[in-house]
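Structural features, examined
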Amino acid sequence: MKLKSLIALMMFLFLAHTASAENFFTENRFHYGAGNASGALLNEIDYMTAWAGSSQSFNLGSFFTNCKNNNKTPVIISYIIAFTARADMGLKDCNVGTPNLCQQGANYIRQNMPKILSVYASYAKGAETNFGSANKMIWCMEPDYTQYAESGQTGGGLTNAEAGADMGMILDTISHYAPNSVFSMDISPWKNETFQTTWFAAMNIKRFSFINTSGGQSTPGSTFISNTGTGCPTWKWVYQTFGTPMIADADYGVAGSPTAFITAWQDATTMTTRISEGVIAVCHNQTPSNLVTDIIAVRSKLPATKQVISGSGTLAPFEKGDIAALNPRALSNGFMEIIDLSGRIIYTKKITNETVSLDAWKGNGLQMRPGAYIIRMQGDNQCMQKKVFINK
């Protein structure tokens with residue numbers, strides 16, 4: 001795609017309606033979430049989570065109403081394929097028993113995609129009705145989705161192309177009925193980096209604003225997300241490879257059973273490292289009595305997340321001028337980012353002591369669709385952002 005030298009003023013009204021990073025959550029900070037919260041904990045978390053799919057028609061009205069009334073971002077753990085296959089065929093999670101999703105899940109999808117889309121439509125309609133369209137909701141898509149591509153599936157696993165096409169239809173269905181939705185793709189951290197690169201390409205990672213963990217066993221004290229086998233992905237590798245911030249989960253295990261509270265997610269030194277590697281949020285599924293005081297204590301010690309711009313410069317919505325050239329001064333210790341209007345960072349260029357032009361990033365093979373994007377530049381001596389238009 002070709003970048004035109006058209007750089008327009010973004011008015012405040014437009015900024016308020018775009019899905020910039022700051023619109024996902026109500027506070028500009030590292031984001032804590034909880035499956036269910038009340039009292040003082042509500043003041044400290046930014047989002048609440050719920051699992052979608054336990055019924056084949058929408059049943060999360062109270063969850064979305066609670067999020068709306070308390071100004072919290074709803075994060076939906078969308079396990080609709082697995083729940084529906086369980087109800088229809090008795091398929092269990094792969095680590096629970098047989099028959100299971102690793103054996104017959106792929107065939108279930110092949111034979112029941114219209115039904116799966118219908119259930120998704122029900123949940124998306126209900127979400128939009130109960131939460132409204134003023135703010136964003138985040139859908140964490142189908143934990144362990146890679147299981148449907150396993151070779152041990154009856155009839156063979158889904159090919160990457162099939163799995164990607166099915167996921168695309170699901171995203172289209174959600175977006176049609178709940179257009180204020182953004183998406184996160186689950187990662188299977190026991191799969192090696194080569195698999196991850198091919199898999200996320202098939203999923204069209206550009207459609208996802210986040211990558212998330214599932215299973216409740218993330219390891220914040222390790223460079224690895226959870227599994228440590230040869231070639232398994234690290235937190236840093238995921239962010240550097242895909243440029244997509246990560247949402248972690250914690251404190252549960254097989255079949256959702258509670259496990260010990262992962263205290264490392266409350267350790268400032270550990271979290272500072274994970275934040276530098278792209279982790280922007282964690283959802284605790286255990287909420288001990290000291291969690292509120294721990295969150296308050298640790299937050300003051302944490303840096304800004306990768307998704308949120310911070311620094312010594314002044315960040316105005318946009319510089320004045322209907323059409324203006326973006327001619328930054330020499331930047332140091334900073335970065336340039338290109339962000340689509342879902343708020344997802346699609347390109348990052350680290351800046352040392354150099355002057356960067358808008359064309360500096362074009363030679364790296366980045367493929368971009370025509371449309372509007374935001375370019376942000378931040379360093380020690382300035383912070384600025386512009387809207388740009390890209391045509392063929």
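1. A look at the sheet that holds strand 2 (residues 31-34)
- Strand order in the closed barrel made by the eight strands is 2-3-4-5-6-7-8-9, with parallel pairing throughout. Across the sheet, the axes of successive neighbouring strands diverge by a mean angle of 30°, strand direction being ignored.
- Across two bridges, the pairing between strand 2 and strand 3 (residues 47-52) is parallel. By the bridge assignment for strand 3, Ala34 is matched with Met48.
- Packed onto the sheet, helix 9 (residues 235-242) meets strand 7 (210-212), strand 8 (246-250) and strand 9 (279-284) and runs at close to 150° relative to strand 8.

2. Brief notes about helix 10 (residues 268-276)
- Where helix 10 is concerned, the buried positions are Ala268, Thr270, Met271, Arg274 and Ile275. End-on, the buried residues of helix 10 take up no more than an arc of 155°, which puts them together on one face.
- Residues of helix 10 that are buried in the fold lie against strand 2, helix 9, strand 9 and helix 11 (291-299).
- Of the residues trailing helix 10, Gly278 is marked for its positive phi of about 100°.

3. Re the side chain of Ser188
- With respect to the helices and strands, the residue Ser188 is situated in the loop between strand 6 (181-186) and helix 8 (193-202).
- Judged by relative accessible area, which is 2%, Ser188 ranks as buried.
- What Ser188 contacts, discounting residues up to four positions off in sequence, is Asp144, Thr146 and Gln196.

4. Things to note about the confidence of the model for the protein
- The share of residues in the protein with pLDDT of 70 or more is 73%, and the mean pLDDT across the chain is 80.
- For the protein, helix 1 (residues 12-17) is the element with the lowest average pLDDT, namely 25, and helix 5 (residues 80-89) is the one with the highest, namely 98.
- Per-residue pLDDT stays below 50 along residues 356-365; that stretch engages in 19 contacts with residues further than four places along the chain or on separate chains.

5. So, the packing of aromatic side chains
- Per the stated rule, a full pass over the model turns up 14 aromatic pairs.
- Ring centres of Phe30 and Tyr32 lie 5.3 Å apart, and the angle between their planes is 75°; this geometry places the pair in the edge-to-face category.
- Since its relative accessible area comes to 3%, Phe30 is described here as buried.
- On the basis of relative accessible area, Tyr32 is assigned to the buried category, the value being 1%.
- Here the aromatic residues Phe58, Phe63, Phe64, Tyr123 and Phe131 are joined through ring pairs into a cluster of three or more.
- Above the ring of Phe195, the side-chain terminus of Lys191 is found at 5.0 Å from the ring centroid.

6. Remarks on the pattern of salt bridges
- Under the defined criterion, the tally for this structure stands at seven salt bridges.
- Put simply, Lys115 and Asp88 hold a salt bridge, and the shortest N to O gap is 2.7 Å. Taken together, the residues span a long stretch of sequence, with Lys115 in helix 6 (residues 101-131) and Asp88 in helix 5 at a distance of 27 residues.
- Judged by its relative accessible area of 31%, Lys115 is partly exposed.
- The exposure class assigned to Asp88 is partly exposed, which follows from its relative accessible area of 34%.
- What you see here is one network of salt bridges that share partners, running through Glu44, Asp46 and Arg299.

7. Description of unusual backbone geometry
- With omega at -10°, the peptide bond leading from Thr98 into Pro99 counts as cis.
- Secondary-structure assignment places Pro99 in the loop between helix 5 and helix 6.

8. So, the nonpolar core
- Within the largest apolar cluster, 77 residues are counted, with the highest numbers of intra-cluster contacts made by Trp139, Met141, Tyr145, Ile170, Met185, Phe208 and Trp265.
- Top contributing element to this core by residue count: helix 6, with 13 residues.
- If we skip the residues at most four places from it in the chain, Met185 touches Met141, Tyr145, Met167, Trp199, Phe200, Met203, Phe208, Phe210, Ile211 and Asn212.

9. A few points about the state of the cysteines
- Across all of its chains, the model carries one disulfide by this definition.
- Cys140 forms no disulfide, and the closest cysteine sulfur to it belongs to Cys283, at a distance of 9.1 Å.

Scoring rules and cut-offs
Residues numbered from 1 in each chain as written. Predicted model: local features only at pLDDT ≥ 70, side-chain atom pairs only at ≥ 80, totals over all residues. Heavy atoms only, no water. Pairing = 2+ DSSP bridges. Helix = DSSP H or I, 4+ residues; strand = E, 2+ residues; numbered from the N terminus. Axes fitted to C-alpha atoms, helices over the stretch in contact; angles between N-to-C directions. Contact = heavy atoms within 4.5 Å. Buried < 20%, exposed > 50% of the residue type's maximum accessible area, 1.4 Å probe, protein only. Arc of directions from axis to C-beta. pLDDT = per-residue confidence, 0-100. Phe/Tyr/Trp six-rings, centres within 6.5 Å; stacked < 30°, edge-to-face > 60°. Lys NZ or Arg CZ within 6 Å of the ring centre and 35° of its normal. Salt bridge = Lys/Arg side-chain N within 4 Å of Asp/Glu carboxyl O. Core = buried A, V, L, I, M, F, W, Y, C linked by side-chain atoms within 4.5 Å. Disulfide = S-S within 2.5 Å.

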